[in-house]
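Structural overview
Chain by chain, the residues:
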Amino acid sequence: MATTGYLKDHPMDKILVIGAAGQLGSELTRALADQFGGDQVIATDLRAAASVQFPYCRFEVLDVMDKDALGALVKKERVTQIYHLAAVLSATGEKNPQFAWQLNMDSLLYVLELAKECGLDKIYWPSSIAVFGPSTPKTHTPQFCEKDPNTVYGISKLAGEGWCNYYFEKYGVDVRSLRYPGLIGYKSLPGGGTTDYAVDIYHKAIANKPFTCFLSEDTYLPMMYMPDAIKATLDLMNAPKEAVKIRSSYNLAGMSFSPKEIFASIKKEVPNFEINYQGDFRQAIADSWPDSIDDSRAQADWGWKPSYDLDSMSKDILKHLPAFFPPQS
Ligand code: AKB
């Protein structure tokens, strides 16, 4: 129930998801519709064609860079919570840094301003392990440590964390955030990240085709299976306000593995599977990120605990993926 601002007397939560058709959005929107009811959730995306993905909730076309359209929609619908998921990710961001900065930063500031102006109940905004950089401790990376991101995506996420904390401290905006590791799911495709290989590899495995990996075999990265990421997001958003003690963004860990290890895990289920390695510019990005994350603050503050490890994830994905993405011959 909305409790603040112009929404004081609003009897129901109304959730706006920006960038709902993306990898995280398409699964999180479903979970939000399950929690709040489909009529209370508005999925939005740039493309009208994305509406077919949301038969279970409402859908509106929205360009988050259109500040006036965003404000008008929030006010007309008496939105109480915004999940702002639209972003240009690490690999795509390096191809057009100016655009990545503009989209990632301007859209966040529009949402935070709107939250302040309208007294919205809660805002969710994802951060990433990309906030870390070459000077960051590489293993069990702590919550608070040196951060010198060297991608425009990482720079924008680090600046965004600062803005979230600022709007909380200065204006009391209840904004919550997680530093996601690489997210791996079977229901949707990733778009332009450095960790995308760990999704693509399963598609090749079910198609019985060899996989060419753009990272070297011993490149460890923090990763998480999508059901864990959805659970973490809802746990954080449903936690009492006082429990959320970090208002920049929480470290979050699921598992950590290398291409060699995910290949071995898949090979247990698909014995003929083959891999080869052909590095590209994403290797340097991966090398600047941590191998593994210390998420003890998330555990202590709001009880975070992941459920999946590499083998249980592989089994689950290989079982369900063909129904979502039939293998191409
Ligand atoms: C990326 O690889 O850019 C993302 C991320 C780790 O935030 N998946």
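In this text, all values refer to a predicted model and were calculated from it rather than measured experimentally.

Rules used throughout
Residues numbered from 1 in each chain as written. Predicted model: local features only at pLDDT ≥ 70, side-chain atom pairs only at ≥ 80, totals over all residues. Heavy atoms only, no water. Helix = DSSP H or I, 4+ residues; strand = E, 2+ residues; numbered from the N terminus. Buried < 20%, exposed > 50% of the residue type's maximum accessible area, 1.4 Å probe, protein only. Lys, Arg positive; Asp, Glu negative; His and termini not counted. Salt bridge = Lys/Arg side-chain N within 4 Å of Asp/Glu carboxyl O. Polar contact = N/O pair within 3.5 Å; in protein donor to acceptor, adjacent residues only side chain to side chain. Contact = heavy atoms within 4.5 Å. Domains from an automatic or database assignment. Buried area = accessible area lost by both parts, 1.4 Å probe. Axes fitted to C-alpha atoms, helices over the stretch in contact; angles between N-to-C directions. Parallel < 35°, antiparallel > 145°, perpendicular 65-115°, else oblique. Left-handed = near helix turned anticlockwise from the far one by under 90°. Nonpolar A, V, L, I, M, F, W, Y, C, P; charged D, E, K, R; others polar. Near = heavy atom within 4 Å.

**Quick notes on unusual backbone geometry**
In this structure, histidine 140 takes a positive phi of about 45 degrees despite not being glycine. Note on placement: histidine 140 falls in the loop between β6 (127-128) and α5 (152-171). If you check the backbone angles, asparagine 208 has positive phi at about 55 degrees while not being a glycine. Assignment of secondary structure puts asparagine 208 in the loop between α6 (197-206) and β10 (211-213). For asparagine 208, a relative accessible area of 62% translates into the label exposed.

**What about the side chain of aspartate 295?**
Relative to the helices and strands, aspartate 295 is located in the loop between α9 (282-288) and α10 (296-302). It is arginine 297 that comes nearest to the buried, bridge-free aspartate 295 among opposite-charge side chains, at 11 Å. Side-chain polar atoms of aspartate 295 contact the side chain of glutamine 299, separated by 2.6 Å. Of the polar contacts made by the side chain of aspartate 295, one reaches the side chain of tryptophan 304; its length is 3.0 Å. In this structure aspartate 295 touches Asn251, Leu252, Ala253 and Trp304, once residues within four positions along its chain are discounted.

**Observations regarding the domain arrangement of the protein chain**
Annotation of the protein chain at the domain level lists domain 1 (12-182 + 225-251) and domain 2 (184-223 + 254-324). Computed from C-alpha atoms alone, the centre-to-centre distance between domain 1 and domain 2 is 23 Å. Opposite the 40 residues of domain 1 that make contact, domain 2 presents 41 residues. Both faces considered, domain 1 and domain 2 share a buried interface measuring about 3400 Å² in area, 59% of it formed by carbon and sulfur atoms. For the domain 1 face of the interface with domain 2, the top three residues by lost area are Gln23, Lys138 and Tyr225, together amounting to 23%. The interface formed by domain 1 and domain 2 holds 1 salt bridge in total. Aspartate 291 is paired through a salt bridge with lysine 138; the nearest N and O atoms lie 3.9 Å apart. Summed over the shared surface of domain 1 and domain 2, the result is 18 residue pairs in polar contact (both at pLDDT 80 or more). Broken down by element, the residue count for the side of domain 1 that touches domain 2 peaks at 7 residues, all from helix α7 (residues 226-238).

**Focus on the packing of α6 against helix α11 (residues 310-324)**
When two helices pack together, you describe them by how their axes are tilted relative to each other and by the distance separating the axes. For the pair α6 and α11, interaxial distance at closest approach is 10 Å and the crossing angle is 55 degrees. Relative to α11, the element α6 is oriented oblique. As for the relative orientation of α6 and α11, their crossing is right-handed in sense. Facing Tyr202, His203, Ala205 and Ile206 of α6, the residues of α11 in contact are Leu310, Met313, Ser314, Ile317, Leu318, Leu321 and Pro322. Residues that form the contact of α6 with α11 fall into these classes: 9 nonpolar, 2 polar and no charged.

**Points about the site of the ligand**
Around the ligand, the surrounding shell consists of Leu89, Ser90, Ser128, Ile129, Tyr153, Gly193, Thr194, Thr195 and Trp289. Contacts to the ligand include serine 128, whose side-chain N or O atom sits 2.7 Å from an oxygen atom. At 2.7 Å from an oxygen atom of the ligand is found a side-chain nitrogen or oxygen belonging to tyrosine 153. Taken together, the residues of the shell around the ligand break down into 4 nonpolar, 5 polar and no charged. Each of domain 1 (12-182 + 225-251) and domain 2 (184-223 + 254-324) gives at least three residues to the shell around the ligand.

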